Amino acid sequence: MAGGVPGAAAVRQVQTSRAATEGPLVKWLLIGAAGLVLLWLIVLPLAVVLTQALKKGWDVYISALSDPDALSALKLTLLVALIAVPLNTIFGVAAAWAIAKFRFKGKGVLITLIDLPFAVSPVIGGLIFVLVFGANGWFGPWLADHDVKIIYAVPGVVLATIFVTFPFVARELIPLMEDQGQQEEEAAITLGAKGWTVFTRVTLPNIKWGLIYGIILCNARAMGEFGAVSVVSGHIRGETNTLPLHVEILYNEYQFSASFAVASLLLLLALATLLIKSLYAGKNAH
């Protein structure tokens with residue numbers, strides 16, 4: 001119908017263009033409302049943390065961060081992240097590969113189990129480990145007989161962190177790998193490539209940005225986890241306290257400046273994670 005009445009697709013495109021350009025008042029109202037929400041819920045609380053942390057000066061701030069218990073909490077937080085994130089990365093890649101590339105019985109069950117930490121409260125997740133590995137749990141007597149301590153020790157903190165963070169990498173990769181399909185892998189296999197070569201030369205380059213994004217989210221949650229870790233840690237100063245738990249202890253002891261100082265350290269770690277995420281997004285956009 002060249003030169004005649006425009007088709008339905010063209011009409012819809014014109015209507016969509018008009019809808020996107022009309023109504024500047026509505027647009028600015030929406031932008032203003034979003035800005036107020038962000039200001040009230042994010043910017044102001046972060047500003048309060050920073051101002052309270054420095055309220056009594058740099059000497060108090062540095063003293064709070066250099067306290068042995070704070071340094072121990074920082075080391076444990078980083079150690080747990082260094083253990084949990086690589087393990088969840090390996091699991092996430094393997095699970096996404098299996099779910100997206102293969103057909104097998106129980107796939108729906110596997111997806112449900114991956115999503116389980118999103119549906120279960122972290123406190124319940126920590127309680128599960130107490131019921132399994134605690135002194136009165138299923139394996140508690142056996143662990144005690146062999147002098148193996150999981151609950152109220154570092155292994156319990158690691159297990160709880162792995163539990164609450166393991167969906168992030170898998171959930172980032174599953175839809176990405178399903179959308180990409182299997183054509184490139186099948187072509188590589190047809191040309192004689194083996195499994196590891198197919199993964200490193202074909203699959204991994206296609207999922208690398210999604211993988212990085214999932215690792216960043218997993219790391220952020222690992223460093224900031226409170227609920228599950230609080231249940232299994234025992235709140236032992238200098239041994240099982242992570243940074244979030246140390247902040248709670250200081251606040252409950254009315255050491256407000258010190259608690260906000262340690263909280264600001266967590267904030268700086270979060271901002272570093274966001275910076276890495278922004279750099280990733282910028283590179284991915286190009």
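Residues numbered from 1 in each chain as written. Predicted model: local features only at pLDDT ≥ 70, side-chain atom pairs only at ≥ 80, totals over all residues. Heavy atoms only, no water.

## Digging into the overall build of the chain
Here is step 1: Helix and strand content of the chain: 14 helices and zero strands.
Here is step 2: The order of helices and strands in the chain, counted from the N terminus, is α-α-α-α-α-α-α-α-α-α-α-α-α-α.
Here is step 3: Counting all 286 residues of the chain, 34% fall into the buried class.
Here is step 4: The long-range fraction of contacts in the chain, counting pairs at least 24 apart against all pairs at least 6 apart in sequence, stands at 72%.
Here is step 5: Looking at the chain as shown, the accessible area adds up to about 17,300 Å², and 69% of this sits on carbon and sulfur atoms. (Helix = DSSP H or I, 4+ residues; strand = E, 2+ residues; numbered from the N terminus. Buried < 20%, exposed > 50% of the residue type's maximum accessible area, 1.4 Å probe, protein only. Contact = heavy atoms within 4.5 Å. Areas by Shrake-Rupley, 256 points an atom, 1.4 Å probe, with all protein chains shown as cover.)

## Description of unusual backbone geometry
Here is step 1: In this structure, Y152 is a non-glycine residue whose phi angle is positive, near 60°.
Here is step 2: One can find Y152 in the loop between α7 (140-145) and α8 (154-165).
Here is step 3: Among the residues examined, Y152 registers a relative accessible area of 43% and is labelled partly exposed.
Here is step 4: The phi dihedral of Y254 is positive, around 65°, even though this residue is not glycine.
Here is step 5: Here Y254 is to be found in the loop between α13 (243-252) and α14 (256-285).
Here is step 6: Judged by relative accessible area, which is 64%, Y254 ranks as exposed.

## What to know about empty space enclosed by the protein
Here is step 1: Scanning the entire structure with this criterion turns up one cavity of 30 Å³ or more.
Here is step 2: If you add up the space inside the largest cavity, you get close to 40 Å³.
Here is step 3: Around the largest cavity sit L76, T77, V80, V157, T161, A222, M223, E225, V229, T242 and P244, which together line it.
Here is step 4: Elements represented by at least two residues in the lining of the largest cavity include exactly α4 (68-101), α8 and α11 (195-224).
Here is step 5: Considering every element that reaches the lining of the largest cavity, the biggest residue donor is α4, with three residues.
Here is step 6: Within the lining of the largest cavity, the residues separate by chemical class into seven nonpolar, three polar and one charged. (1 Å grid on protein atoms, 1.4 Å probe; cavity = no way out; pocket = protein on both sides within 12 Å on 5 of 7 lines; lining within 4 Å. Points joined across faces, edges and corners; volume = space filled by probe spheres on them. Nonpolar A, V, L, I, M, F, W, Y, C, P; charged D, E, K, R; others polar.)

## Looking at the packing of α4 against α8
Here is step 1: Contact geometry for α4 and α8: axes closest at 9 Å, N-to-C directions at 50°. As summarised for this structure, α4 and α8 are arranged oblique, according to the angle between their axes. In the crossing of α4 with α8, the sense of the turn from one axis to the other is right-handed. For the pair α4 and α8, contact is made by L76, L79, V80, I83, A84, L87 and N88 and by V154, V157, V158, T161, I162 and T165, respectively.
Here is step 2: By residue class, the composition of the contact of α4 with α8 is 10 nonpolar, three polar and no charged. (Axes fitted to C-alpha atoms, helices over the stretch in contact; angles between N-to-C directions. Parallel < 35°, antiparallel > 145°, perpendicular 65-115°, else oblique. Left-handed = near helix turned anticlockwise from the far one by under 90°.)

## What about the environment of V85?
Here is step 1: Looking at where V85 falls in the secondary structure, it is placed in helix α4.
Here is step 2: Under the relative-accessibility criterion, V85 is labelled buried at 9%.
Here is step 3: Through-space distance from the C-alpha of V85 to that of C218 is 6.3 Å; in sequence the pair is 133 residues apart.
Here is step 4: Other than its neighbours up to four places away in sequence, V85 contacts I215, C218, N219 and A222.

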